[in-house]
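Listed below, chain by chain, are the residues.
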Amino acid sequence: MADVTSECNIKVLCRFRPLNQSEILRGDQFIPKFQGDDSVNGRSYVFDRVFPTNTTQEQVYNACAKQIVKDVLGGYNGTIFAYGQTASGKTHTMEGKLHDPNQMGIIPRIAEDIFNHIFGMDENLEFHIKVSYFEVYMDKIRDLLDGYPDEVMDVIDEGKNNRHVAVTNMNEHSSRSHSIFLINIKQEHTETEQKLCGKLYLVDLAGSEKVSKTGAAGAVLDEAKNINKSLSALGNVISALAEGTKTHVPYRDSKMTRILQDSLGGNCRTTMFICCSPSSYNDAETKSTLMFGQRAKTIRNTASVNLELTADQWKRKYEKEKEKNKTMKETIQRLEAELNRWRNGENVPETERTTADVVRLESVEERSPVMILDNDTSSIVVRISEEERQKYEEEIRKLYKQLDDKDDEINLQCQLVEKLKEQMLDQDELLASSRGDGDKVQAELGRLQVESSCAKTEVKEVLQALEELAINYDQKSQEVEEKGLQNQLLADQLAQKMASLMELEAELSHMQEVSGQQRKRIADVLNGLMRDLSEFSTIVGNGEIKLGCSQHEAKIRSLTEYMQSVELKKRMLEESHDSLSEELAKLQDPGNTSLYTCNTPVHTLHPHISQAAGHR
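Residues numbered from 1 in each chain as written. Predicted model: local features only at pLDDT ≥ 70, side-chain atom pairs only at ≥ 80, totals over all residues. Heavy atoms only, no water.

The name that an unreviewed UniProt entry assigns to the protein chain is Kinesin-like protein, with the source organism given as Hucho hucho. Recorded in UniProt under Sequence similarities (unreviewed entry), the annotation for the protein chain is "Belongs to the TRAFAC class myosin-kinesin ATPase superfamily. Kinesin family." UniProt's Subcellular location (unreviewed entry) comment on the protein chain is quoted here verbatim: "Cytoplasm, Cytoskeleton". (UniProt positions renumbered as here; feature names shortened; annotations may be inferred.)

If you want it as structure tokens, here you go:
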């Protein structure tokens, strides 16, 4: 394969978009002046190609991106990325409208072109294509795909929908992240086992912003700061590579520059689109973008084919190196022999000396070892005897035999290598499977550990609750025993009270009966006395009557006093009965179980009972 390794400058292309509606309404002027296909503004800025505003998407692709497909399929790494201020047409150039044949950008056209080239290539070539789509947002890498769909266009569409965008004063769909669409193509010739590998990075950078123009605030402002920071890091890398004198290139200053490390000064064929606004309102940003492109144009990359040698190629290379090594050893032996002759004081004739031309000739053309240069005829003359010739032939036969042995050994080693490769592939598959199983087991173990810790916590809480319940049970049991004793004591007191109450009730009923009988008898006596007195007063004289009346009145007063005392005792007994009933009710109430309330009324009732018994 010709030109396996080559140095090349980064290819820089400039594209201007037309004035948009807001710029026309604002009355902005159209500032760029195109001169030829490679310069703008009077040859102030010279690039590989300058595209005016009326350039179509297809023209841009055919002029600048079509060749890179062939390079990637030839085993080279390639990169196309778009740089410029916000709303300058970067996403339109790289993506465009995915399902519109006229407005499709570079990424969908390259995807179609790759498959068209593959379908037209040798049938013995086997291709493996992998597609990745990710973004660098807030200096963090995020995958824009959940998986790999069957169609590349669906992959692009899915990633585009997932990409971070926001509305600013300059762009209603401003990209807030750098997007990278990576196509990895591996090809293998099924007959020769020749393998090539090529990677294609398609990068849509977020635009640099002036906050005063975009009106960014809040989260959008933070995004703008990160965008400008990563673009500043990219500018520092471009400047360091353009100067060519710095030993350190700051690739590690941002995630974006680390991803583009091979694309900038590495093993890659790189094309950069600098997208510009033609508006006078953005004159300063456009000049800065053009100067960035000028610096980038001086960077040189060293692109090489990513080639994997087959077993036969390694074998041929080994044979060539082995033969070269053999020739050099023989030359060294002759030179050492000649040197020993000189050291022993022997004068070596000029015709037997090994000259530098002979050494060079043997190393390049791999001649036989006993060649000398004839100065008169400028031709190579071989001078050997029959004995030496036989000796050399014998040596050659031995060497050929050794070579055959080595060939057999190499074949065995190649077979062993192939077996080891197969074993390694099997081991890799087994390892991948084991890792997957291990991850699942680890995840399950983590879940079980979490559940175990939760269960331990719950068990600890339950045990603590049970311990508290046991303590409460012991306390309650002790209280129940105390309450049982109190209730037993109260029951005994209640029985005593009931017995006393029954005695009092019996006495009260007896006294009420006696009192009723006495009241009735007294009433009868009084009535009889009053009748007798009235009859007697009519019959007997007044003097004796007065004496009898006074005596009767004295009896009546004594009876009346006795009646009052009986009534007083009755009331006292009724009050005592009521108080005993209240105390009995309190004793029967389970809430009032105090010994104090049970014992006190017993002593207060005895005086009344004794008084009632005394009057009785």
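**What about the UniProt feature "binding site: ATP" (unreviewed entry) in the protein chain?**
In the numbering adopted here, UniProt assigns the feature "binding site: ATP" (unreviewed entry) to Gly84, Gln85, Thr86, Ala87, Ser88, Gly89, Lys90 and Thr91. Classification of Ala87 by relative accessible area gives buried; the value is 19%. Mapping Ser88 onto the fold places it in the loop between strand S7 (78-83) and helix H4 (90-94). We classify Ser88 as buried; its relative accessible area is 2%. Excluding residues within four positions of it along the chain, Ser88 makes contact with Arg17, Cys275, Cys276 and Ser277. Among the polar contacts made by the side chain of Ser88, one reaches the main-chain carbonyl oxygen of Gln85 at a distance of 2.7 Å. (Buried < 20%, exposed > 50% of the residue type's maximum accessible area, 1.4 Å probe, protein only. Helix = DSSP H or I, 4+ residues; strand = E, 2+ residues; numbered from the N terminus. Contact = heavy atoms within 4.5 Å. Polar contact = N/O pair within 3.5 Å; in protein donor to acceptor, adjacent residues only side chain to side chain.)

**Details of the pattern of salt bridges**
Within the structure shown, the criterion is met by 12 salt bridges. For Glu444, the salt bridge goes to Arg447, with nearest N and O atoms at 2.1 Å. With Glu444 and Arg447 both in helix H13 (residues 386-539), this residue pair falls 3 residues apart, about one helical turn. Glu444 sits in the partly exposed class, given a relative accessible area of 35%. The exposure class of Arg447 is partly exposed, given its relative accessible area of 39%. Salt bridges sharing partners connect three or more residues here, namely Glu444, Arg447 and Glu451. (Salt bridge = Lys/Arg side-chain N within 4 Å of Asp/Glu carboxyl O.)

**What to know about the sheet that holds strand S4 (residues 39-40)**
The 3 strands are arranged S3-S4-S5 in an open sheet whose pairing can be described as antiparallel. Unpaired on one side and paired on the other, strand S3 (34-35) and strand S5 (45-46) mark the two borders of the sheet. Sheet topology note: the S4/S5 ladder contains 2 bridges and is antiparallel. Note that in S5 the partner of Val40 across the bridge is Tyr45. (Pairing = 2+ DSSP bridges.)

**With respect to unusual backbone geometry**
For Met138, which is not glycine, the phi dihedral falls at a positive 55°. Unlike most non-glycine residues, Asp139 shows phi in positive territory, near 60°. Mapped onto the elements of the fold, Asp139 is located in the loop between strand S8 (125-137) and strand S9 (140-143). Here Asp139 falls in the partly exposed class, since its relative accessible area comes to 30%.

**Some thoughts on the nonpolar core**
In this structure, Phe47 and Leu264 are the most contacted members of the largest nonpolar core, which totals 38 residues. No other element matches the 7 residues that helix H8 (residues 219-243) contributes to this core. Ignoring anything within four residues of it in the chain, the contact list for Phe47 reads Val12, Cys14, Asp38, Val40, Ile274, Leu290, Gly293, Gln294 and Lys297. One finds Val72, Ile118, Val131 and Leu145 within the second-largest nonpolar core, a separate group that totals 31 residues. (Core = buried A, V, L, I, M, F, W, Y, C linked by side-chain atoms within 4.5 Å.)

**Points about helix H11 (residues 311-343)**
Because an α-helix completes one turn every 3.6 residues, residues spaced three or four positions apart along the sequence face the same direction. For H11, built from 33 residues, the straight-helix expectation of 48 Å at 1.5 Å per residue is met to within 8% by its first-to-last C-alpha distance of 47 Å. The complete set of buried residues in H11 reads Thr327, Thr331, Arg334 and Glu338. Note on H11: the residue one or two positions beyond its end, Gly345, has a positive phi of about 85°. (Expected span 1.5 Å × (residues − 1).)

**Things to note about the packing of aromatic side chains**
Enumeration over the complete set of coordinates arrives at 5 aromatic pairs. Centroid distance Phe16 to Phe34: 5.5 Å. Interplanar angle 80°. Geometry classified as edge-to-face. Residue Phe16 is located in strand S2 (residues 11-16), and its partner Phe34 is located in strand S3; the two are separated by 18 residues in the primary sequence. You can call Phe16 buried: its relative accessible area is 3%. Owing to a relative accessible area of 32%, Phe34 belongs among the partly exposed residues under this scheme. Between Tyr133 and Phe181, the ring centres sit 5.2 Å apart and the planes meet at 85°, which makes this aromatic pair edge-to-face. Within this pair, whereas Tyr133 is found in strand S8, its partner Phe181 is found in strand S12 (residues 178-189), the two being separated by 48 residues in sequence. On the basis of relative accessibility, which here comes to 1%, the residue Tyr133 falls in the buried class. (Phe/Tyr/Trp six-rings, centres within 6.5 Å; stacked < 30°, edge-to-face > 60°.)

**A look at the state of the cysteines**
Applying the stated criterion across every chain, the model contains 0 disulfides. Looking at the unpaired Cys268, the closest cysteine sulfur is the one in Cys8, lying at 8.4 Å. Sulfur of Cys275: no disulfide; nearest cysteine sulfur belongs to Cys276 and is 7.2 Å away. Classification of Cys275 as buried rests on a relative accessible area of 1%. (Disulfide = S-S within 2.5 Å.)

**Thoughts on the pairing of S2**
Counting buried positions along S2 yields 5 of 6 residues, so the element is predominantly enclosed. Across 6 bridges, the pairing between S2 and strand S14 (residues 269-276) is parallel. Looking across to S14, one finds that Val12 is bridged to Met272. Strand direction decides the pairing type here: S2 and strand S6 (residues 49-51), joined by 3 bridges, are parallel. By the bridge assignment for S6, Cys14 is matched with Val50.

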